[in-house]
Every structure is written in structure tokens, then in C-alpha cells.
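Each chain is listed here by its residues.
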Amino acid sequence: MSCLLLLSSMLVVVHLRSGMNEFGLQLSGARDSFWRLSIISELLNHFPPQLPGFAGVPLKNYHFYYDFFVATIEQLTGISSIFLYLHYISVFSAILFVIGVYSLLVLLVKNKFMALYGTVFTILTGNLSYILPFLSNQYNFVVRSNIFMSDQPFDQGHNPFNLLSYALVIGGVYIFVQWEKSGRFRWVMLMGLISSILPGVKIYAAIILFVIYGIGFLINMIQKRHILWESCLPFITMIPSLLFIKGSGFAILAFTPGWWLTKMIEDHDRLFLQGMN
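Residues numbered from 1 in each chain as written. Predicted model: local features only at pLDDT ≥ 70, side-chain atom pairs only at ≥ 80, totals over all residues. Heavy atoms only, no water.

J.: Requested: an account of the side chain of Arg 36, with residues and values cited.
T.: Mapped onto the fold, Arg 36 is located in helix H3 (residues 33-43). Of the residues examined, Arg 36 reaches a relative accessible area of 0% and is grouped as buried. Those residues in contact with Arg 36, other than ones at most four positions away along the chain, are Tyr 62, His 63, Phe 64, Tyr 66, Asp 67, Tyr 85 and Phe 161. (Helix = DSSP H or I, 4+ residues; strand = E, 2+ residues; numbered from the N terminus. Buried < 20%, exposed > 50% of the residue type's maximum accessible area, 1.4 Å probe, protein only. Contact = heavy atoms within 4.5 Å.)

As C-alpha cells, this is what we get:
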């Protein structure tokens, strides 16, 4: 357990160094922090929230449940949202993520040592970006976590809401495996609960879980050769959250084949291969 807590603290150490001091607000690796703190502040004044900086304009087509969670805790405890977001809840999200990874690996490999070994590799390993400076002079960094359009787990602590969303995805997979083993309806109810929350925390995490459940339930029905009507529950419970956060022109999936590769090649802060633009 101490190793898991250490890994959790390492994920969010960049935020643990942030906060208010004698010089004002210090944010290490701010990224989305300013935007998120603005939404939290907005939620303390309006619900449903308005778009920060645009009075009277509702905030739509955006996942703000994590910010709502932080704002609710501030209302209940009186603790500043700055400290909640940067310290307490970021650590909470990191712990959930690390424990989720470890628990799922224990369930799958049946060996606690190998599960711990896998958890350490999941949290601390990255991509092969360190090879790029040896291939071209245009790359003047030691390592860059998202250069291949795939942020690494160790880099997700900059945006702690990502850690919570991934923890929910892992929890959803864990519960699905338990349901496959036991067939008990209570596991389906828990899957439905996670599915109802996840779209408002991180929409693309909800899409990943949607695909996992779809494939998993389909394989299960083919194997058992009958329709499992209870498997519809996790998909049905997603609908209220989607309807609540959506605005005009909202689309969950946009068919843009090649977008991932195009952005990776064209962005100056990623691979940026000029000859292939």
C-alpha cells in the first residue's frame, strides 16, 4: 500500500508544489488549471454554469462534473477551491487511479507482485520520444510525453480530472469482469452508475468505456446465445448526462479519418514533419 501511495503522490507532485504563497498564486504546470478554476468559481455562483468571461452564456458541450464535485466540496467544507483542486482532490484522484490499475491487474493476473510490477510500469514508463533528438536536429528536448498524440500516465497529473476519468474507466472494466464471473445484477447497476457519471467528467473516456461495454456484452451474448436485456442499462444511464451537457450542434462522434495522424504531423509542438503536410 505504501508503494501505491508513493506512486500516487508522484503523479500529482507538480500540483502539490502549487498554491497561494506570499507572492500570490503559484501554478506549476498550469495547463488547464486556470480554465478549471474559472469553471469552479462559476459553479459556486450559477448552476447550470455560464461560460466564464461571457455573462449570460450557458456552458454547454463541455464536461464539468469534476469541477462541480470540487465546487460542492468547497460549499460543504469551506476549503478554498484552489487548495481542493490543486492538493486534496488531485491526490484523491491519483490514489483512485493507481489503486484502480493495481486492482484490475490483480484481478487479471492473479499475482500481487506482478500486479505491483505492472502498476509501476503503467505509471512511470513513457514513449520513445527520447530517440527523436538522435534522428533529427529539429528536436531539442530530452523527452516529450504527448508528441505522438498520446499523453502518458505520468503526465496526467497536470490535469487531475483525467486521472479521475481514467479511474472510472478502469473501475468500469473491473466491475464488468466481476459481472462476467458472477452474473449478478448488482454489478450491472454499478456499471450503470459509472456510465451515468463519466460523460460529464471526460467525454472521450465515456466513449472508450462505451466501446468496451459494447464489445464485451456482444461477445458475452454470442457465447451464451441469448440477449441479455440487463446489458442495456449502462448505455441507457449515459443518456441523461449527455442530454444535460449538450448544446446545439452537439455530436459525440465526428467522422474525421486521419485527424490523429494529421494533427501529430502538423503541430509544431508535436512530431511536425513539414514534408508530409
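The structure having been displayed, the exposition proceeds.
J.: Tell me about the nonpolar core, and please be specific about residues and values.
T.: In terms of nonpolar packing, the biggest core is built from 52 residues, with Leu 11, Tyr 85, Phe 97, Trp 179 and Met 191 touching the most fellow members. When contributions to this core are tallied by element, the ones reaching two or more residues are helix H1 (2-11), H3, helix H4 (65-77), helix H5 (81-109), helix H6 (112-124), helix H8 (160-182), helix H9 (185-201) and helix H10 (203-224). Among the elements that line this core, the one with the most residues is H8, at twelve residues. If we skip the residues at most four places from it in the chain, Met 191 touches Gly 172, Ile 175, Phe 176, Trp 179, Tyr 213, Phe 217 and Pro 234. (Core = buried A, V, L, I, M, F, W, Y, C linked by side-chain atoms within 4.5 Å.)

J.: An account of the pattern of salt bridges is requested, with residue identities and associated values reported.
T.: Enumeration over the complete set of coordinates arrives at one salt bridge. Here Asp 67 ties to Arg 36 by a salt bridge, and the two come within 2.5 Å at their closest N and O atoms. Taken together, the positions of Asp 67 in helix H4 and Arg 36 in helix H3 put the pair 31 residues apart, joining distant regions of the chain. (Salt bridge = Lys/Arg side-chain N within 4 Å of Asp/Glu carboxyl O.)

J.: Requested: an account of the layout of surface pockets, with residues and values cited.
T.: One number sums up the size of the second largest pocket: a volume of about 200 Å³. Leu 96, Ile 99, Gly 100, Ser 103, Leu 164, Ala 167, Leu 168, Gly 171, Tyr 174 and Ile 175 together form the lining of the second largest pocket. For the lining of the second largest pocket, the elements supplying multiple residues, two or more each, are H5 and H8. A per-element tally of the lining of the second largest pocket places H8 first, with six residues. When grouped by side-chain class, the residues that make up the lining of the second largest pocket number seven nonpolar, three polar and no charged. (1 Å grid on protein atoms, 1.4 Å probe; cavity = no way out; pocket = protein on both sides within 12 Å on 5 of 7 lines; lining within 4 Å. Points joined across faces, edges and corners; volume = space filled by probe spheres on them. Nonpolar A, V, L, I, M, F, W, Y, C, P; charged D, E, K, R; others polar.)

Fair warning: the whole summary comes from geometry, so function is off the table for now.
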